[in-house]
Amino acid sequence: MSRIEGIFTAVTKNALRSRVGLFFSALFPLMLLLVFGSVFGGSFAGSWAPLLIGAFVMTNGIVALPNITTEFKRRGVLKRLSATPLSKLEWIVGNVLSQTLLAVILTVTLLLAAWIVFGVKPMINPISAVVLFTGAVMFSGIGMVIAGLLRDPEAASGLGNAISFPMMFLSGTYFPLSMMPGYLQSVSRFLPLFYFQDGLKASMMTGDVSTALSDLAVIGVLAIAFLLLGSFATRWRSK
Amino acid sequence: MTLAEMVISVDNLTKKYGDHTVVDGVSLEVCRGEVFAFLGPNGAGKSTTIEILECLRPLTHGSARVLGYDVEDAHSVPRIKERIGVLPQDFSALDRLTVRENLELFAKMYTKSTSIDELLSLLELSEKSKARFGDLSGGLKQRVGVAAALVNDPDLVFLDEPTTGLDPDIRRTTWNMLSSFARSGKTVFLTTHYMEEAQALAKRVGVIVKGKIVALGTPAELMEKFGGKKEMIFKGGGDGAFAALKTEFKDLSLDGSNVILPFSCTAEIQEALSVLSKWGISCEMEEKTPNMEDVFLRLTGFTIKAGGEAA
């Protein structure tokens, strides 16, 4: 546990001390919520907050995590850590927990803003916490797959963005899904972000427990699958 | 050497990438408390060998045991890693963490750790303990790397080019620290392309070229065997001294105005002085004893430049 805690503490501090990283992972979504909530009203802000949380938990996992991990790889930090008794699994778990904490910080920031500025009181309950945790794990798993497959931070960011941007649009982050043609709405059902955002919305805003639980089941299975793939892709020993 | 004293035992270690052989049948043993230096130019196979011993790379053929454990046995790997310290080439850590925080991170990876304050003090890093790693100079980063290698109070420490990038004072401090580390019963396995480092630190030196060990022994043994004769340099003697000495000595050379006379015993020098005296020539003398550079040159036909490349 000490090793996981060590990795968790170190990578979290390292992430929180990056002003640019912190801006894009927490302050930028807050700005978006404040600006568009002011334009379209409190009810919009209330229904949009879970979608923004979902989208930025995803970008943190799919873009930021592989970027920093490949940077560690390129600079030999990962190799140096792998020369200690730290196992691959401990490294992954430490990073996933760090991503979960960042997701909690993002969520609290956005929900507080929605409540204080727009008067939208979210429902904080165990299901929303579990959905948030599972989503963060799922996207960290995808991030670990990307980081495992690529050596170059620029390539990792590029691939992360190539995956996350279409997913954000096709899952209804910026345009309601009802505005999209039927076939695009069908595509969204194959995207992990759709289930994560739907689960967050159902558990935090609408209180639809059965929807939240069915979404949770999907992202739970995907989280396990991507974690396993991420673990398989992460190389702990050179060739 | 008994089995208990043997800390590293390598037999016919070979590492291949496809048809390319990087390490070619290396065999060596290192015992407890020894400082062993692997000396060779860049690309000789030093780092690959050390990474195999650190359980970071698989070997292709042969066997390697570290602290009594087989490096290829998955169950033994955590046990080996628990008891070794590692300084890789171009050590790097988390940029936005302070020096202390980085050392604390490495300390948490082990069940046993030493005092961070003592380490900081030992490596003269106390004043920089709150500085972020990313803001440090290359030399300071390397010192943090040495501290990280010692953070678990290891029985055996692997140092890959430990003093590259360090200024001469800190290099000597690091040498002293490594020597005292070895005197306390710990073992040091280092790679270097600095001849003087190998000569000053190592109890034994393995010279590796193109993946093969071409010589293995104490610096004194290697210098005696491969270093050639001592040389007396008659400074500024010029053509006159050269012509005079040539009457008695066949093996003689002229380097600019300096006359260089290889010799085995002091009687030869006395004879040379008497010849010069007869010819009415007097000049300053300087004795040059063979060093590791001479050993390396004789063994390989080339020297190593400051950056580690063969020249």
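A few points on the structure. (Residues numbered from 1 in each chain as written. Chains lettered and ligands numbered in written order. Predicted model: local features only at pLDDT ≥ 70, side-chain atom pairs only at ≥ 80, totals over all residues.)

**Points about the interface of chain A and chain B**
With 21 residues of chain A at the contact, the number on the chain B side is 23 residues. Among the secondary structure elements, those contributing two or more residues to the side of chain A that touches chain B are helix H1 (2–16) and helix H4 (77–82) of chain A. Ranked by the residues each element gives to the side of chain A that touches chain B, the list is headed by H1 of chain A, at seven residues. Tallied by class, the residues present in the side of chain A that touches chain B amount to five nonpolar, eight polar and eight charged. (Contact = placed C-beta atoms within 7 Å. Helix = DSSP H or I, 4+ residues; strand = E, 2+ residues; numbered from the N terminus. Nonpolar A, V, L, I, M, F, W, Y, C, P; charged D, E, K, R; others polar.)

**As for helix H2 (residues 19–40) of chain A**
Residue and element names in this part refer to chain A. For H2, built from 22 residues, the straight-helix expectation of 32 Å at 1.5 Å per residue is met to within 8% by its first-to-last C-alpha distance of 29 Å. Of all the bends found along H2, the most pronounced is centred on Leu27 and spans about 40°, while Pro29, a proline, follows it within four residues. Of the positions making up H2, those classed as buried are Ser25, Pro29, Leu33 and Gly37. On the buried face of H2, the contacting elements are helix H3 (42–75) and helix H5 (88–118). Remark: Gly41 follows H2 within two positions and exhibits a positive phi of approximately 100°. (Expected span 1.5 Å × (residues − 1). Bend = angle between axes of the 7 residues up to and from the residue. Buried ≥ 20, exposed ≤ 12 C-beta atoms within 10 Å, placed from the backbone.)

**Looking at the pairing of strand S7 (residues 156–160) of chain B**
Residues and elements named next belong to chain B. Of all the five residues making up S7, five are buried; the element is thus mostly covered by neighbouring parts of the structure. Residues of S7 alternate between two faces, with Leu156, Phe158 and Asp160 on one and Val157 and Leu159 on the opposite face, all of them buried. Note that strand S6 (residues 84–87) and S7 share four bridges and pair parallel. In the sheet register, Val86 faces S7, and the bridge partner there is Phe158. In terms of strand pairing, S7 meets strand S8 (residues 187–192) through five bridges, oriented parallel. Bridging across to S8, Asp160 finds its partner in Thr191. (Pairing = 2+ DSSP bridges.)

**Observations regarding the sheet that holds strand S11 (residues 230–235) of chain B**
Residues and elements named next belong to chain B. Pairing is antiparallel in the open sheet, where four strands are placed in the order S12-S13-S11-S14. Both outer strands of the open sheet, strand S12 (253–255) and strand S14 (284–288), are each paired with one neighbouring strand and no more. Averaged over all pairs of adjacent strands, the angle between their axes in this sheet comes to 30°, without regard to strand direction. For S11 and S14, the ladder comprises five bridges, and the chain directions are antiparallel. From the neighbouring strand, Met232 faces S14, where its bridge partner is Glu287. Seen against the sheet, helix H9 (residues 238–246) touches S11, S12 and strand S13 (258–263) and runs at an angle of roughly 30° to S13. (Axes fitted to C-alpha atoms, helices over the stretch in contact; angles between N-to-C directions.)

**Focus on the packing of H5 of chain A against helix H6 (residues 126–149) of chain A**
All names here are of chain A. Look at H5 against H6: their axes get within 9 Å of each other, and the N-to-C directions meet at 130°. Of the possible angle classes, the one that applies to H5 and H6 is oblique. In the packing of H5 onto H6, the handedness of the crossing is right-handed. Seen from H5, the contacting residues are Ile92, Asn95, Val96, Gln99, Thr100, Ala103, Val104 and Thr107; seen from H6, they are Leu132, Phe133, Ala136, Val137, Ser140 and Met144. Across the contact of H5 with H6, the residue classes break down as nine nonpolar, five polar and no charged. (Parallel < 35°, antiparallel > 145°, perpendicular 65-115°, else oblique. Left-handed = near helix turned anticlockwise from the far one by under 90°.)

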